[in-house]
Amino acid sequence: MKYVNHEEVAAKTKTRLTKNTILKGVFAAATSFGLIVLAILLYRIVTQGSEYLSFDFFTSFASRIPENSGIKAAIQGSIYLMLVVAPVSMFLGVGTAIYLEEYAKKNKFTNFIKVNISNLAGVPSVVFGLLGLTIFVRFFDLGISILAAGLTMSLLILPIIIVASQEAIRAVPNELREASFAMGATRWQTILRVVLPASIPGILTGSILALSRAIGETAPLVVIGIPTILMFTPDSIMSTFTALPMQIFDWTKRPQVTFHDVAAAGIIVLMGLLIIMNSIAVFIRNKYQKRY
Amino acid sequence: MAMNEPQISVQELIAKKSNRGLLAFTEKLIPKILLLIATVSVLTTIGIVFTLIFETVTFFTEVNVFSFLTGTEWYPFANSTPTYGILPLVVGTLKITAIATIVAVPIGIATAIFLSEYASDRVRRFIKPILEVLAGVPTIVYGFFALTFVTPILRSIFPEIAIFNAISPGIVVGIMIIPMIASLSEDAMSSVPNAMRDGAYALGATKLEVAIKIVLPAALSGIVASTVLAISRAIGETMIVAVAAGSTPGFDWDVTGSIQTMTAYIVQVTTGDAGYGTTIYYSIYAVGFTLFLFTLAMNMLAQFISKRFREEY
């Protein structure tokens with residue numbers, strides 16, 4: 001008696017295995033699509049922009065002549081912007097995370113804050129621009145200043161920093177807190193001297209990634225009305241300024257094709273900044289993150 | 001130990017220390033300060049909603065709500081009779097979103113399947129960070145890429161495509177959201193327990209059958225939620241469309257010509273000189289409010305799906 005037709009099974013298995021191999025190839029190709037696009041993007045921008053990338057590019061202001069154009073005002077503006085965004089967003093983000101993880105009781109209000117944060121993360125950046133324009137530029141009359149743009153940008157990246165800090169604080173084991181309480185420390189002393197030091201690598205990693213997002217954001221700055229061509233560098237947080245992505249946006253929009261090469265040079269600088277910041281974040285994560 | 005110190009007991013020391021007013025005061029004050037900080041995110045949301053509603057209401061004192069919602073002509077810059085019908089902007093946004101979805105969903109999910117089911121640990125650890133770089137590329141860089149690279153390639157294949165069109169930025173927005181779909185879907189698939197895979201393997205299933213018939217259905221809610229979230233990102237994406245899609249709002253389904261999206265309109269007005277207090281100035285809030293409602297609905301849908309249909313193992 002023969003229960004299994006071995007030939008039939010072998011034939012069917014073969015087609016199933018072939019299917020598996022082919023589809024594996026398709027999935028691998030789909031995965032490499034993203035990597036190939038990234039490679040093309042970087043290659044294109046480097047080859048297009050490298051000839052304009054010189055020392056003068058960093059020390060010249062914008063110009064009507066592509067060869068003389070530079071990013072002096074833009075790069076200083078971006079740095080000043082980060083000097084506002086970093087402390088404001090980290091203070092608000094880490095403070096919120098500490099409250100939610102260490103103090104908040106499980107009630108409707110806490111839940112409301114949490115839902116609100118995840119919804120805020122999904123609001124388009126251009127809408128944050130409208131908020132900044134109305135509240136900071138007009139209502140508080142801060143003008144088109146570094147402070148107004150910095151506050152807008154801080155609110156934009158706030159959800160990212162809160163979530164990253166929450167995860168870092170949650171990763172601190174309870175034994176550490178209990179040990180601290182057992183020594184007679186109060187809750188705030190425990191947070192300040194035990195929880196925060198233990199979670200700082202995670203908080204920093206998340207914050208640097210959020211800041212690198214803020215450095216590349218263009219839409220809110222456009223909506224606030226940040227100018228693109230400035231012949232001076234900012235001298236206080238109330239100054240008008242321009243930023244690197246704004247400068248790139250301006251060059252991209254120009255009809256003369258040579259300005260596209262200048263834009264590519266600007267993009268090399270911007271991407272360089274981002275890669276440096278991401279490397280620092282990865283370095284902190286690998287070097288200091290303890291596993292308990 | 002100095003022997004001539006006045007003798008006090010430990011209990012007295014503790015009592016003395018905890019009675020210090022400042023310490024107790026700080027302990028009570030800190031949570032209140034932190035609560036205040038935590039409400040900033042709520043205040044931001046209130047600020048956004050209040051701003052949008054307030055200015056939109058002003059806009060509707062000048063423009064009829066009904067003609068705004070149903071109008072098929074958007075010519076705010078017309079000198080004689082400007083018309084404000086939002087539908088062309090909505091259609092433009094939907095065109096970009098549809099193209100981006102067609103590009104990103106198959107590639108994103110295929111990437112997720114490859115990373116979670118086929119790739120070795122080493123390959124995964126190598127590829128995931130590179131995909132994250134793709135997600136971190138500023139959108140203005142993607143806009144530049146769409147205008148100076150993708151559009152010329154498309155035009156050399158299909159000469160009838162205009163310099164500013166919907167296809168090129170649509171594809172690039174799709175590329176931008178691939179990492180989001182891939183990474184979130186991969187998380188969902190990785191959380192499917194190995195026991196389920198092993199069960200299928202024991203019955204003689206191939207890797208493909210395990211991936212398609214076991215893992216994919218089990219992780220479906222996570223995959224759908226990630227897709228909805230990514231589509232919401234595509235709706236709100238600004239710089240790619242502002243650079244590469246042009247500024248001609250049209251009420252049709254042509255994707256080869258110049259279009260305008262809701263976000264690109266806001267950028268167009270704010271880079272021009274629409275004076276404060278003009279109807280055009282208020283129109284960006286009405287458009288922004290519409291955009292906000294679209295993305296809010298999508299985000300809430302994603303949250304609902306991942307909560308309601310999540311499978312716990």
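Residues numbered from 1 in each chain as written. Chains lettered and ligands numbered in written order. Predicted model: local features only at pLDDT ≥ 70, side-chain atom pairs only at ≥ 80, totals over all residues. Heavy atoms only, no water.

1. What about the overall build of chain A?
Then comes step 1: Along the backbone of chain A there are 11 helices and 0 strands.
Then comes step 2: Reading the helices (α) and strands (β) of chain A from amino to carboxyl end gives α-α-α-α-α-α-α-α-α-α-α.
Then comes step 3: The globule rule puts the C-alpha radius of gyration for 292 residues at 19 Å, and the 25 Å found for chain A is more than 25% above it.
Then comes step 4: Reported as C-alpha extents along the three principal axes, the dimensions of chain A are approximately 95 × 65 × 35 Å. (Helix = DSSP H or I, 4+ residues; strand = E, 2+ residues; numbered from the N terminus. Rg over C-alpha atoms; globule rule 2.2 N^0.38 Å.)

2. A short note on the interface of chain B and chain A
Then comes step 1: Contacts between the two partners involve 73 residues from chain B, matched on the other side by 71 residues from chain A.
Then comes step 2: Taking both partners together, chain B and chain A bury about 6300 Å²; carbon and sulfur atoms supply 78% of that area.
Then comes step 3: Applying the counting rule to chain B against chain A returns 1 salt bridge.
Then comes step 4: Here A:Arg16 and B:Glu209 are joined by a salt bridge, their closest N and O atoms 2.7 Å apart.
Then comes step 5: Joining chain B to chain A, the criterion identifies 14 residue pairs in polar contact (both at pLDDT 80 or more).
Then comes step 6: A total of 20 residues in the side of chain B that touches chain A trace back to one element, the largest contributor, which is helix 2 (residues 21-62) of chain B.
Then comes step 7: Here the residues of the side of chain B that touches chain A are counted per class, giving 47 nonpolar, 22 polar and 4 charged. (Contact = heavy atoms within 4.5 Å. Buried area = accessible area lost by both parts, 1.4 Å probe. Salt bridge = Lys/Arg side-chain N within 4 Å of Asp/Glu carboxyl O. Polar contact = N/O pair within 3.5 Å; in protein donor to acceptor, adjacent residues only side chain to side chain. Nonpolar A, V, L, I, M, F, W, Y, C, P; charged D, E, K, R; others polar.)

3. Quick look at the pattern of salt bridges
Residues and elements named next belong to chain B.
Then comes step 1: Following the criterion strictly, the structure yields 11 salt bridges over all chains and no others.
Then comes step 2: Here glutamate 117 ties to arginine 197 by a salt bridge, and the two come within 2.9 Å at their closest N and O atoms. Of the two residues, glutamate 117 sits in helix 4 (residues 87-118) while arginine 197 sits in helix 8 (residues 194-202), which places them 80 residues apart along the sequence. We note that glutamate 117, like arginine 197, is buried.
Then comes step 3: Between aspartate 187 and lysine 128 there is a salt bridge, and its shortest N-O distance comes to 3.5 Å. (Buried < 20%, exposed > 50% of the residue type's maximum accessible area, 1.4 Å probe, protein only.)

4. Some words on the UniProt feature "domain: ABC transmembrane type-1" (unreviewed entry) in chain A
Then comes step 1: According to UniProt, the feature "domain: ABC transmembrane type-1" (unreviewed entry) maps to residues 75-281 of chain A in the numbering used here.
Then comes step 2: Counted over residues 75-281 of chain A, helix gives 78% and strand 0%. Its end C-alpha atoms are 21 Å apart. (UniProt positions renumbered as here; feature names shortened; annotations may be inferred.)

5. Quick notes on the side chain of A:Thr186
Then comes step 1: Locating A:Thr186 in the fold gives a position in the loop between helix 7 (174-182) and helix 8 (187-216).
Then comes step 2: Setting aside chain neighbours within four positions, we find A:Thr186 in contact with A:Phe181, B:Leu23 and B:Glu27.

6. Re the UniProt feature "transmembrane region" (unreviewed entry) in chain A
All names here are of chain A.
Then comes step 1: UniProt tags residues 21-46, 79-100, 120-140, 146-169 and 262-284 as "transmembrane region" (unreviewed entry).
Then comes step 2: Along residues 21-46 the backbone is 100% helical and 0% strand, and the end-to-end C-alpha distance reaches 37 Å.
Then comes step 3: As annotated, residues 262-284 has a helix share of 100% and a strand share of 0%, and its two end C-alpha atoms lie 34 Å apart.

7. A short note on the layout of surface pockets
Then comes step 1: Considering only enclosed or pocket space, the second largest pocket measures out at about 500 Å³ in volume.
Then comes step 2: Around the second largest pocket, the lining is made up of 24 residues, and of these A:Thr252, A:Lys253, B:Leu147, B:Phe164 and B:Val243 lie nearest the centre.
Then comes step 3: Secondary-structure elements contributing two or more residues to the lining of the second largest pocket are helix 10 (244-253) of chain A together with helix 6 (139-157), helix 11 (239-244) and helix 12 (262-271) of chain B.
Then comes step 4: No other element matches the 5 residues that helix 6 of chain B contributes to the lining of the second largest pocket.
Then comes step 5: Among the residues making up the lining of the second largest pocket, the classes are represented as 11 nonpolar, 10 polar and 3 charged. (1 Å grid on protein atoms, 1.4 Å probe; cavity = no way out; pocket = protein on both sides within 12 Å on 5 of 7 lines; lining within 4 Å. Points joined across faces, edges and corners; volume = space filled by probe spheres on them.)

8. Overview of the packing of aromatic side chains
Then comes step 1: In total, this model carries 17 aromatic pairs over all chains according to the counting rule given.
Then comes step 2: When the ring of A:Phe139 is compared with that of A:Phe140, the centres are 5.3 Å apart and the planes differ by 70°; the resulting orientation is edge-to-face. Here the two residues A:Phe139 and A:Phe140 agree in accessibility, since each one is exposed.
Then comes step 3: Here the aromatic rings of B:Tyr281 and B:Tyr285 are separated by 5.5 Å at their centres, their planes lie at 65°, and the arrangement is edge-to-face. Taken together, the residues B:Tyr281 and B:Tyr285, both in helix 13 (residues 279-308) and 4 residues apart, mark about one turn of the helix. With respect to class, B:Tyr281 is no different from B:Tyr285; both count as buried. (Phe/Tyr/Trp six-rings, centres within 6.5 Å; stacked < 30°, edge-to-face > 60°.)

9. Digging into the domain arrangement of chain A
Often, the extent of an interface is quoted as the loss of accessible area on bringing the components together.
Residue and element names in this part refer to chain A.
Then comes step 1: Split into domains, chain A comes out as domain 1 (6-52) and domain 2 (56-290).
Then comes step 2: Between the C-alpha centres of domain 1 and domain 2 there is a distance of 35 Å.
Then comes step 3: Taken together, the contact between domain 1 and domain 2 spans 7 residues of the former and 12 residues of the latter.
Then comes step 4: Across the interface of domain 1 and domain 2, roughly 790 Å² is buried in total on both sides, 73% from carbon and sulfur atoms.
Then comes step 5: On the domain 1 side of the contact with domain 2, Ile45, Gln48 and Tyr52 bury the most area, a combined 73% of that side's loss.
Then comes step 6: Along the contact surface separating domain 1 from domain 2 lie 1 residue pair in polar contact (both at pLDDT 80 or more).
Then comes step 7: Of the residues that constitute the side of domain 1 that touches domain 2, the class distribution is 4 nonpolar, 3 polar and no charged. (Domains from an automatic or database assignment.)

10. Regarding unusual backbone geometry
Then comes step 1: Backbone geometry places A:Asp141, a non-glycine residue, at a positive phi of 55°.
Then comes step 2: Within the secondary structure layout, A:Asp141 lies in the loop between helix 5 (125-139) and helix 6 (146-170).

11. Quick look at helix 10 of chain A
Then comes step 1: Of all 10 residues in helix 10 of chain A, 9 are buried; the element is thus mostly enclosed.
Then comes step 2: Turning to helix 10 of chain A, its buried residues are A:Leu244, A:Pro245, A:Met246, A:Gln247, A:Ile248, A:Phe249, A:Asp250, A:Trp251 and A:Thr252.

12. Section: the UniProt feature "transmembrane region" (unreviewed entry) in chain B
Residues and elements named next belong to chain B.
Then comes step 1: UniProt's feature table lists "transmembrane region" (unreviewed entry) at residues 33-54, 96-118, 130-150, 162-182, 214-235 and 280-302, given in the numbering used throughout.
Then comes step 2: Each end of residues 96-118 is marked by a C-alpha atom, and these two atoms are 32 Å apart; helix forms 100% of the span and strand 0%.
Then comes step 3: Taken end to end, residues 130-150 is 90% helix and 0% strand, and its first and last C-alpha atoms sit 21 Å apart.

13. Some points on the environment of A:Pro227
All names here are of chain A.
Then comes step 1: Checked against the element boundaries, proline 227 lands in the loop between helix 9 (219-224) and helix 10.
Then comes step 2: C-alpha of proline 227 to C-alpha of glutamate 101: the two residues are 126 residues apart in sequence and 41 Å apart in space.
Then comes step 3: Ignoring any residue separated from it by four or fewer positions in sequence, one finds proline 227 in contact with Ile144, Thr240, Phe241 and Thr242.

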